[in-house]
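Read off the chains here:
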Amino acid sequence: SGDRPPVRYSEPTLAARAARVLRDNDTGAVITAAPKLYPHMWSWDAAFISIGLARLDVRRAITELETLFRAQWRNGMVPHIVFTEADAYFPGPDRWGTENAQDGPSNVRTSGICQPPVHAIAVQRVLEIARRSSPNERADAERFVRGIWPKLYAWHRWLVEYRTPGSAGLVAIVHGWESGMDNSPRWDVPYDAVHPGAGLPPYVRKDVRVVGDPSERPTDREYDRYLWLIEEMRRAGYDQRTIVENSSFLVGDVFITALFAVSCDVLVELGKEFGQSGEQLRDLAEWAANARQAVAGSCHSVSGMARDRDLRASRWLDTQTIAGFSPLLCGGAPDDVQLQLLSLLDSDRWCGHPDLLAPVPPSVSPMRPGFNPRQYWRGPQWPVVVWLFGWAFERRGWHERARRMRDGGIRLTDDGSFGEYYQPFTGEPLGSTEQSWTAAVVLDWLC
Ligand code: 9WN
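In what follows, the accompanying structure is described. Residue numbers restart at each chain and count upward from 1, following the sequence in its written direction. Under the rules for a predicted model, residues below a pLDDT of 70 receive no local features and side-chain atom pairs below 80 are neither given nor counted, while totals for whole chains, interfaces and linings still include all residues. To get the side-chain values, all heavy atoms of the structure are used, and hydrogens and water are removed first.

A word on the overall build of the protein chain
Here is step 1 of the chain: Counting from the N terminus, the helices are the DSSP runs of H or I reaching at least four residues and the strands are the DSSP runs of E reaching at least two. The number of helices and strands found in the protein chain is 18 helices and eight strands.
Here is step 2 of the chain: Values of the radius of gyration come from C-alpha atoms, whereas the globule rule sets the reference at 2.2 Å times the count of residues to the power 0.38. Since a compact globule built from 447 residues should have a radius of gyration of about 22 Å, the 20 Å found for the protein chain is in line with a globular shape.
Here is step 3 of the chain: Within the protein chain, buried positions represent 62% of all 447 residues.
Here is step 4 of the chain: It only takes one pair of heavy atoms within 4.5 Å for two residues to be counted as in contact. Long-range contacts, defined as pairs at least 24 residues apart, comprise 73% of the intrachain contacts of the protein chain with a sequence gap of at least 6.
Here is step 5 of the chain: By element, 48% of the accessible surface of the protein chain is carried by carbon and sulfur atoms, the whole surface being about 16,500 Å².
Here is step 6 of the chain: Only four residue types enter the charge count: Lys and Arg as positive, Asp and Glu as negative, with His and the chain ends excluded. Where a charge lies is defined by one atom per residue type: Lys uses NZ, Arg uses CZ, Asp uses CG and Glu uses CD. For the protein chain, the separation between the mean place of its 50 positive charges and that of its 56 negative charges on side chains is 2 Å. For each residue, the accessible area found with a 1.4 Å probe, counting protein chains only, is set against the maximum for its type, and the residue is called buried under 20%, exposed over 50%, and partly exposed in between. With residues, only the protein chains shown are counted as cover, and all accessible areas are computed by Shrake-Rupley using a 1.4 Å probe.

Regarding the nonpolar core
Proteins that are soluble and globular tend to have nonpolar side chains buried together.
Here is step 1 of the chain: Buried Ala, Val, Leu, Ile, Met, Phe, Trp, Tyr and Cys residues that are joined via side-chain atoms within 4.5 Å together make up what is termed a nonpolar core. Among the nonpolar cores identified, the biggest contains 156 residues, and Phe 48, Phe 255, Phe 325, Trp 387 and Phe 389 are the most heavily contacted of them.
Here is step 2 of the chain: Residue contributions to this core peak at 13 residues, all from helix α12 (residues 254-273).
Here is step 3 of the chain: Once residues lying within four places of it in the same chain are set aside, the contact partners of Phe 48 are Val 118, Val 384, Trp 387, Leu 388, Trp 437, Ala 440 and Val 441.

Here we look at helix α6 (residues 135-163)
Here is step 1 of the chain: By definition here, a helix of n residues has an expected span of 1.5 Å times n minus one. With 29 residues, α6 extends 40 Å between its outermost C-alpha atoms, agreeing within 8% with the 42 Å of an ideal straight helix rising 1.5 Å per residue.
Here is step 2 of the chain: At Ile 148, α6 is bent by approximately 35°, the largest bend along its length, and proline Pro 150 sits one to four residues beyond. What the bend at a residue measures is the angle between two axes, fitted to the seven residues ending there and to the seven starting there.

Some words on the sheet that holds strand β6 (residues 315-317)
Here is step 1 of the chain: Any two strands between which DSSP finds at least two bridges are classified as paired. Ordered by their spatial adjacency, four strands build an open sheet running β3-β4-β5-β6, and the pairing between neighbours is antiparallel. The open sheet has two free edges, formed respectively by β3 (172-173) and β6, since each of these has just one partner strand.
Here is step 2 of the chain: Alignment of β3 against strand β4 (residues 251-252), held across two bridges, turns out to be antiparallel. Each bridged residue has a counterpart across the sheet, and for Ile 173 the counterpart in β4 is Val 251.

So, the site of the ligand
Here is step 1 of the chain: Any residue with a heavy atom positioned within 4 Å of a molecule or strand is treated as near that molecule or strand. Among the 16 residues in the neighbourhood of the ligand, the closest are listed as Asp 45, Tyr 89, Gly 180, Asp 182 and Tyr 376.
Here is step 2 of the chain: Here a polar contact means two N or O atoms within 3.5 Å. Within protein one must be a hydrogen donor candidate and the other an acceptor candidate, and residues neighboring in sequence count only if both atoms are side-chain atoms. The side chain of His 80 places a nitrogen or oxygen atom 3.0 Å from an oxygen atom of the ligand.
Here is step 3 of the chain: With respect to the ligand, the side chain of Tyr 376 contributes an N or O atom lying 2.4 Å from an oxygen atom.
Here is step 4 of the chain: Here the ligand, which alone exposes 420 Å², has 100% of that area covered by the protein.
Here is step 5 of the chain: Of the residues in the shell around the ligand, the class split is nine nonpolar, four polar and three charged. Each residue is assigned to one of three groups, with Ala, Val, Leu, Ile, Met, Phe, Trp, Tyr, Cys and Pro labelled nonpolar, Asp, Glu, Lys and Arg labelled charged, and all others, Gly among them, labelled polar.

Remarks on the pattern of salt bridges
Here is step 1 of the chain: One side-chain nitrogen of Lys or Arg within 4 Å of one carboxyl oxygen of Asp or Glu is enough to make a salt bridge. Considering all chains together, one arrives at 41 salt bridges under this definition.
Here is step 2 of the chain: Note that Arg 186 is salt-bridged to Asp 308, the shortest N-O span being 2.8 Å. In this pair, Arg 186 is assigned in the loop between α7 (176-179) and α8 (188-192) and Asp 308 in strand β5 (residues 308-310), connecting sequence segments 122 residues apart. In terms of burial, Arg 186 and Asp 308 fall into one category: buried.
Here is step 3 of the chain: The salt bridge involving Arg 403 is made with Glu 400; its shortest N-O contact spans 2.8 Å. Of this pair, Arg 403 and Glu 400 both sit in helix α17 (residues 399-413), three residues apart, roughly one helical turn.

Examining the environment of Asp 253
Here is step 1 of the chain: Here Asp 253 is to be found in the loop between β4 and α12.
Here is step 2 of the chain: Judged by relative accessible area, which is 0%, Asp 253 ranks as buried.
Here is step 3 of the chain: Between the C-alpha atom of Asp 253 and that of Glu 178, which follows or precedes it by 75 residues, the distance is 9.4 Å.
Here is step 4 of the chain: Dropping the residues within four chain positions of it, Asp 253 is found in contact with Leu 170, Val 171, Ala 172, Ile 173, Ser 179, Arg 186, Trp 187 and Asp 308.

Brief notes about helix α2 (residues 43-54)
Here is step 1 of the chain: Between the first and last C-alpha of α2 there are 17 Å, a value that for 12 residues agrees with the 16 Å anticipated at 1.5 Å per step.
Here is step 2 of the chain: With 12 of 12 residues buried, α2 lies mostly within the body of the structure.
Here is step 3 of the chain: Along α2, the residues that are buried comprise Ser 43, Trp 44, Asp 45, Ala 46, Ala 47, Phe 48, Ile 49, Ser 50, Ile 51, Gly 52, Leu 53 and Ala 54.

Focus on the packing of helix α1 (residues 11-24) against helix α18 (residues 436-446)
Here is step 1 of the chain: In this analysis an axis means a line fitted to C-alpha atoms, helices contributing only their contacting stretch, and an angle means the value between N-to-C directions, from 0 to 180 degrees. Where α1 contacts α18, the two axes come as close as 9 Å, and the packing angle between them is 140°. The angle between the axes of α1 and α18 places the two elements in the oblique class. Judged by the sense of rotation from one axis to the other, the crossing of α1 with α18 is left-handed. On the side of α1, the interface is formed by Glu 11, Leu 14, Ala 15, Ala 18, Ala 19, Val 21 and Leu 22, while α18 contributes Ser 436, Ala 439, Ala 440, Val 442, Leu 443 and Leu 446.
Here is step 2 of the chain: Among the residues forming the contact of α1 with α18, the class breakdown is 11 nonpolar, one polar and one charged. Any angle that is under 35 degrees is reported as roughly parallel, and any over 145 degrees as roughly antiparallel; angles of 65 to 115 degrees are reported as roughly perpendicular and all others as oblique. Handedness of a crossing follows from how the near helix is turned relative to the far one, being left-handed for an anticlockwise turn of less than a right angle and right-handed for a clockwise one.

Observations concerning the environment of Ala 86
Here is step 1 of the chain: Residue position: Ala 86 is located in the loop between β2 (81-82) and α4 (93-96).
Here is step 2 of the chain: Judged by relative accessible area, Ala 86 falls into the partly exposed class, the value being 32%.
Here is step 3 of the chain: Residues Ala 86 and Lys 36, spaced 50 residues apart in sequence, show a C-alpha to C-alpha distance of 9.9 Å.
Here is step 4 of the chain: In this view, Ala 86 contacts Pro 39 and His 40; residues no more than four positions away in its chain are not counted.

As for the packing of aromatic side chains
What characterises a pair of aromatic rings is the spacing of the ring centres plus the angle enclosed by the ring planes.
Here is step 1 of the chain: When two rings of Phe, Tyr or Trp (its six-membered ring) have centres within 6.5 Å they constitute a pair, described as stacked for plane angles under 30 degrees, edge-to-face for angles over 60, and tilted for the intermediate range. In total, this model carries 31 aromatic pairs according to the counting rule given.
Here is step 2 of the chain: Taken together, a centroid distance of 5.8 Å and an interplanar angle of 80° make the contact between Phe 48 and Trp 387 edge-to-face. Of the two residues, Phe 48 is situated in helix α2 and Trp 387 in helix α16 (residues 383-395); the sequence distance between them amounts to 339 residues.
Here is step 3 of the chain: The buried category is assigned to Trp 387, whose relative accessible area is 3%.
Here is step 4 of the chain: With 5.5 Å between their ring centres and 0° between their planes, Phe 90 and Tyr 203 make a pair best called stacked. In this pair, Phe 90 sits in the loop between β2 and α4 while Tyr 203 sits in the loop between α8 and α9 (207-210), placing the two residues 113 residues apart along the sequence.
Here is step 5 of the chain: For Phe 90, a relative accessible area of 12% puts it in the buried group.

This is the structure in structure tokens:
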């Protein structure tokens, strides 16, 4: 029923338009995640954006990642938002109130949580692209990798030190925003146990003013919980140990754990090449092995799908979403489970659903009760997630599968609006348009 512009751009024109989006969203200091809805730098967005930027200008790509890592907290955390001066997004820096956090950075304002650790993947990709570019860009990128490697190591170490509690070995999140899949049904059960207290300061949402149809965004009930968790963290002075011990939301995130495993592998590859210390390489290899084992250990005995774990309630979360395919990202699941997941991914419950405009995985299966084709992480397709699966498939040597993700991703986005997410049946772009990371992954697919 929705509008999708009737045009389908050719690949060269689509690439030119994607490049223009990144240039237009460049404030000089950062590329904003989206011009109106997200006028700041987001952590995992910046990683994907740097991959797209590298296709245009390797130095600009390097600057983007360096800007993000200048905001790294003293304890190693890479914050989920680095704020610009813009005032159009809520919650902004005043609401987060991280300036008194003991571990916060001094010269820049940030949020107090993190996002998925895809930065090593981006760094390696930027290096690869630079090496195919010019000798100068190659030299710049190599210098950059040497400089950022210890910071990436510190970021990964933070995830192990502070965020791997409990026996399941999964990397834990303390807020749905940390997952990057904010209102995914993955988090419905743990959010039911979050009870906003009377002390929740009043607030006014800004996102629903920007997005024409508020039903494409999370609900007010969900926002109360998002804001309440921030309130808890603020009261804890953003002390990680206190937060992990007490926050009313603590969930082992299987998708982050899979990305962490493969990002550790990538860091080992880079570290070997650039002569990093053997001890740190051994740490990373051990973290990767543990994370991979945790992902495999989460798989449901019947469906094979990987599961998150509610660490407060000590129970597995059986809700099936795109995150159930996490073992395909990092490997390590037994062969029969992997085959089961691959045939499920191809089946009419997922990519093979006959009504999809583009055969790429939606955030939730269209066959699942509660699937909502227009609402955020509850059904739409997200180009950046498609890129991640394509990237992982290529890395695993599954070239034909990787090509299908790329071709499907281009089909999804060839209307040229660079939607934040897409209605899977009509291809209507939803949420924001001119979304930077969508433009970035399209550029990577096309170049
Ligand atoms: C909260 C910027 C970010 C993405 C997330 C996506 C959305 C923010 C929001 O936008 O989250 O962090 O306000 O909804 O869910 O993955 O990084 O693009």
